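What the coordinates show
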Amino acid sequence: MSSIPSSAMPHAKAHHDEPAKTAPKAGAKAAAGDWIDTATDAAKSGFATATEAVKEHPKTALAVGAAVIAGIAAAVAGPALLAKEPEPAKKPAPKKSAKK
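What you are looking at is a predicted structure, and each value in this text was computed from that prediction instead of being measured.

**Regarding the overall build of the protein**
- For the protein, the count of helices and strands is two helices and zero strands.
- Roughly 9900 Å² of accessible area belongs to the protein as shown, and the carbon and sulfur atoms make up 66% of that amount.

Structure (structure tokens):
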């Protein structure tokens with residue numbers, strides 16, 4: 001076990017240290033709706049952050065976009081190049097008769 005005191009790492013709490021969070025008792029649909037709202041808010045926040053980053057650094061965003069497109073092209077074209085059509089089977093050369 002680690003000998004680092006918990007005061008040095010306040011972010012490292014055990015799960016039993018925090019009070020248990022209870023789900024709303026309105027039903028499963030309410031819990032699902034909360035989850036969807038949380039995911040939507042997180043997506044909006046991430047999109048806003050990305051939009052601001054693009055506005056602040058347009059050349060970097062262009063380079064990242066080009067790298068993503070190149071990666072997608074490589075992922076699509078790579079297997080296509082490796083899946084060449086097999087060459088037709090060569091006919092065996094006729095055997096020469098032995099001269100006596």
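Next comes the rest of the write-up.
**Some thoughts on a nonpolar patch on the surface**
- A surface patch of nonpolar side chains, about 370 Å² in accessible area, is lined by Val-64, Val-68, Ile-72 and Val-76.
- Within the secondary structure, Val-68 is located in helix H2 (residues 58-82).
- The exposure class assigned to Val-68 is partly exposed, which follows from its relative accessible area of 48%.

Calculation rules
- Residues numbered from 1 in each chain as written.
- Predicted model: local features only at pLDDT ≥ 70, side-chain atom pairs only at ≥ 80, totals over all residues.
- Heavy atoms only, no water.
- Helix = DSSP H or I, 4+ residues; strand = E, 2+ residues; numbered from the N terminus.
- Areas by Shrake-Rupley, 256 points an atom, 1.4 Å probe, with all protein chains shown as cover.
- Patch = residues over 30% accessible without salt bridge, like charges linked within 9 Å, V, L, I, M, F, W, Y side chains within 5 Å.
- Salt bridge = Lys/Arg side-chain N within 4 Å of Asp/Glu carboxyl O.
- Buried < 20%, exposed > 50% of the residue type's maximum accessible area, 1.4 Å probe, protein only.

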